[in-house]
Amino acid sequence: MLERTIKTVVEHYGTPLYVYVKDVIRYQLAKVKRVFEGVRMLPTFACKANNNPRLIQLFLEEGFGTDIVSLGEYHASELAGVPRERIVWNGNGKTKAEMGFLKDKVGFINVDSVEEAQRWADFQSDANFFIRINPDVDPRTHPHISTGIRETKFGVHIDLIDEALSVLRKQGKKVLGFHIHIGSQITEVEPFLEAISIGVELSKKYGFGCINIGGGWGINYSGKELNLEEYRSKVVPLFSSFELVIIELGRYLIGPAGILVAKVEYVKRTPYKTFVVLDVGMNALVRPAMYGAHHGVHVLEPEEPWEESIVDVVGPLCETGDVIARNRSIPIPKCGSLMIVEDVGAYGFSMASNYNSHPRPAEVLIDLSTNEIRLIRRRESIEDLFRNVE
Ligand code: LLP
């Protein structure tokens with residue numbers, strides 16, 4: 001059914017194409033809600049994972065707000081209609097211009113350093129302030145997306161909490177609690193338990209009834225994912241005395257719901273290797289090139305009889321690192337076949353670039369239960385690329 005719908009969508013909108021499946025978003029949402037049943041909370045969607053306002057709207061309808069890190073992400077929230085009291089502002093490099101603009105447009109502000117706390121002296125704000133702490137816990141994920149160990153740039157060192165707090169309080173800011181986010185694509189419960197326990201203990205010490213536990217839930221790219229039952233039984237009881245728990249989930253909500261549909265341009269055979277060359281590469285999906293990330297790849301309806309072989313699936317860009325999948329055993333596709341790259345709903349389009357001057361793909365939202373197909377972002381044009389040239 002999905003395969004037929006994909007063919008129809010491609011007939012309309014061409015390739016490369018990001019396709020999001022609403023049914024999967026609903027499924028992920030239901031799982032998250034079940035984990036936190038009974039907890040008083042503000043769930044937010046981390047727009048850095050995907051900034052499409054039409055997707056943000058789906059989360060809004062389910063009671064979610066947004067976690068934003070830039071004016072652009074604020075704008076995405078605004079386009080989706082997210083109310084102020086459901087917007088959480090994160091970032092370790094908040095500029096004065098951003099502070100002046102957003103100070104009374106967001107409900108929550110996570111302060112990343114003593115230096116940022118000092119800068120807030122220049123701005124009146126009645127938002128709810130949180131102090132992001134660096135708990136020095138190893139999330140056991142890729143080093144580029146580990147944020148809660150002391151060598152990383154994020155959060156206030158535990159020894160500096162008093163200073164950050166007194167700086168903000170002297171300015172009359174309302175400080176409600178601590179924020180902890182130790183990294184992304186975390187597939188073990190233990191690091192969450194360790195870091196959040198530290199946050200809970202500190203909250204008790206400082207008399208805070210609110211806590212923001214960030215995001216970071218790992219999805220199943222290649223066999224391992226966060227065990228939600230274990231999370232529910234070990235981590236959630238820590239929240240029993242809190243009046244507000246904020247979460248900022250990105251990948252878990254949207255990652256599994258997105259696929260990238262690409263067309264096979266060539267099957268290039270050399271004495272050493274076979275390369276499947278797609279019409280898209282690291283420009284639209286940089287995760288494999290940037291983190292060595294694994295994404296499942298499939299040939300859509302391979303023609304029988306097929307020959308299965310180990311191939312590298314690559315893009316058309318002028319870099320050796322322009323790889324989508326390495327050493328995969330797949331049916332050798334024909335030129336013109338469609339291929340699907342899985343689990344790209346998070347940090348796919350949002351990290352896409354125009355490298356090699358390729359326009360970014362279109363985005364489509366489909367609902368398998370109603371057969372609804374909706375274009376939610378037009379394909380970029382060549383003109384778009386040069387719009388700002390003076
Ligand atoms: N909150 C904060 C403060 C964050 O920095 C992040 C992600 C999140 C929440 C959401 O995390 P999630 O639930 O999506 O794991 N580009 C990388 C991921 C970078 C994550 C950055 N921060 C990737 O493609 O794997």
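Labelled according to an unreviewed UniProt entry, the chain appears under the name Diaminopimelate decarboxylase, originating from Fervidobacterium thailandense. In the Pathway (unreviewed entry) part of its UniProt record, the chain is described as follows: "Amino-acid biosynthesis; L-lysine biosynthesis via DAP pathway; L-lysine from DL-2,6-diaminopimelate: step 1/1." Checking UniProt for the chain, the heading Function (unreviewed entry) contains the comment "Specifically catalyzes the decarboxylation of meso-diaminopimelate (meso-DAP) to L-lysine."

Asks: Residues and numbers for the pairing of strand S10 (residues 244–249), please.
Replies: With respect to burial, S10 is a largely interior element, five of its six residues being buried. Here strand S9 (residues 210–212) pairs with S10 via three bridges, running parallel. Its bridge partner lying in S10, Asn212 is registered against Ile246. Each parallel crossover has a hand, and for S9 linked through helix H9 (residues 228–234) to S10 it is right-handed.

Asks: Please provide a residue-by-residue account of the environment of Asn327, values included.
Replies: With respect to the element layout, Asn327 can be found in strand S15 (residues 323–331). Residue class for Asn327 comes out exposed when judged on the 10 C-beta atoms lying within 10 Å of it. Sequence separation between Asn327 and Phe208 is 119 residues, and the spatial gap between their C-alpha atoms is 51 Å. Apart from the residues within four sequence positions on either side, Asn327 is in contact with Ile310 and Asp312.

Asks: Which residues make up the site of the ligand, and what values go with them?
Replies: The local shell around the ligand holds 23 residues, among which Ala46, Ser184, Gly215, Gly250 and Tyr347 are the closest. Every element with two or more residues in the shell around the ligand is listed here: S10, helix H10 (251–254) and helix H11 (287–291). Tallied by class, residues from the shell around the ligand come to 10 nonpolar, eight polar and five charged. The residues that make up the shell around the ligand include at least three from each of domain 1 (1–18 + 256–379) and domain 2 (22–251).

Asks: Break down the domain arrangement of the chain for me, with residues and values.
Replies: Domain annotation of the chain identifies domain 1 (1–18 + 256–379) and domain 2 (22–251). For domain 1 and domain 2, the distance between their C-alpha centres works out to 32 Å. Considering every element that reaches the side of domain 1 that touches domain 2, the biggest residue donor is strand S17 (residues 362–367), with four residues. Residues that form the side of domain 1 that touches domain 2 fall into these classes: 11 nonpolar, five polar and four charged.

Asks: Quick one: what's the story with helix H1 (residues 2–13), residue by residue and with numbers?
Replies: Helix length check: H1, at 12 residues, gives a terminal C-alpha distance of 16 Å against a target of 16 Å (1.5 Å per residue), a fit within 8%. Gly14 sits one or two residues past H1 and shows a positive phi near 75 degrees.

Asks: Give me the lowdown on unusual backbone geometry, citing residues and values where you can.
Replies: Residue Pro16 is bonded to the preceding Thr15 through a cis peptide linkage, with omega at -10 degrees. Structurally, the position occupied by Pro16 is in the loop between H1 and strand S1 (17–21). Glu304 connects to Pro305 through a cis peptide bond whose omega is -10 degrees. With respect to the helices and strands, Pro305 occurs in the loop between strand S13 (297–299) and strand S14 (308–314). Backbone geometry places Ser357, a non-glycine residue, at a positive phi of 55 degrees. Within the secondary structure layout, Ser357 lies in the loop between strand S16 (338–341) and S17. Take Ser357: there are 9 C-beta atoms within 10 Å of it, and that puts it in the exposed class. For Asn371, which is not a glycine, the phi torsion comes out positive at approximately 65 degrees. Looking at the secondary structure, you find Asn371 in the loop between S17 and strand S18 (372–377). Given 10 C-beta atoms within a 10 Å radius, Asn371 is considered exposed.

Asks: Tell me about the UniProt feature "binding site: pyridoxal 5'-phosphate" (unreviewed entry) in the chain, and please be specific about residues and values.
Replies: UniProt's entry tags Gly216, Glu248, Leu249, Gly250, Arg251 and Tyr347 with the feature "binding site: pyridoxal 5'-phosphate" (unreviewed entry), counted in the numbering of this structure. Residue position: Glu248 is located in strand S10. Here Glu248 falls in the buried class, since 26 other C-beta atoms lie within 10 Å of it. When sequence neighbours within four positions are dropped, the list of residues in contact with Glu248 reads Thr44, Ala46, Asp67, Val88, His181, Gly214 and Gly215. Examined against the element boundaries, Gly250 turns out to sit in the loop between S10 and H10. When sequence neighbours within four positions are dropped, the list of residues in contact with Gly250 reads Phe45, Ala46, Lys48, Ala49, Gly215 and Ala346.

Asks: Lay out the UniProt feature "binding site: substrate" (unreviewed entry) in the chain in plain terms, naming residues and giving numbers.
Replies: As annotated in UniProt, the feature "binding site: substrate" (unreviewed entry) corresponds to Arg251, Arg287, Tyr291, Glu319 and Tyr347 in the numbering used here. A maximum C-alpha distance of 27.2 Å is found for the annotated residues, which run over 97 residues; spatially they are spread out rather than grouped. By the element assignment, Arg251 lies in helix H10. With residues near it in sequence (within four places) discarded, Arg251 still touches Ala49, Ser184, Gln185, Trp217, Ile219, Ala346 and Tyr347. Relative to the helices and strands, Tyr347 is located in the loop between S16 and S17. The buried category is assigned to Tyr347, around which 26 C-beta atoms lie within 10 Å. Discounting residues that sit within four places of it in the chain, Tyr347 has contacts with Ala49, Arg251 and Arg287.

Asks: How would you summarise the nonpolar core if you had to cite specific residues and measurements?
Replies: Counting residues in each nonpolar core, the largest one holds 98 residues, and the members touching the most others are Val19, Ile131, Ala164, Leu168, Leu260 and Val341. Look past the residues within four positions of Val341 in its chain and what remains in contact with it is Ile259, Leu260, Ala262, Leu285, His295, Val297 and Ile324.

What counts, and at which threshold
- Residues numbered from 1 in each chain as written.
- Predicted model: local features only at pLDDT ≥ 70, side-chain atom pairs only at ≥ 80, totals over all residues.
- UniProt positions renumbered as here; feature names shortened; annotations may be inferred.
- Buried ≥ 20, exposed ≤ 12 C-beta atoms within 10 Å, placed from the backbone.
- Helix = DSSP H or I, 4+ residues; strand = E, 2+ residues; numbered from the N terminus.
- Pairing = 2+ DSSP bridges.
- Right-handed = clockwise from strand over helix to strand, strands pointing away.
- Contact = placed C-beta atoms within 7 Å.
- Near = placed C-beta within 6 Å.
- Nonpolar A, V, L, I, M, F, W, Y, C, P; charged D, E, K, R; others polar.
- Domains from an automatic or database assignment.
- Expected span 1.5 Å × (residues − 1).
- Core = buried A, V, L, I, M, F, W, Y, C linked by C-beta atoms within 7 Å.

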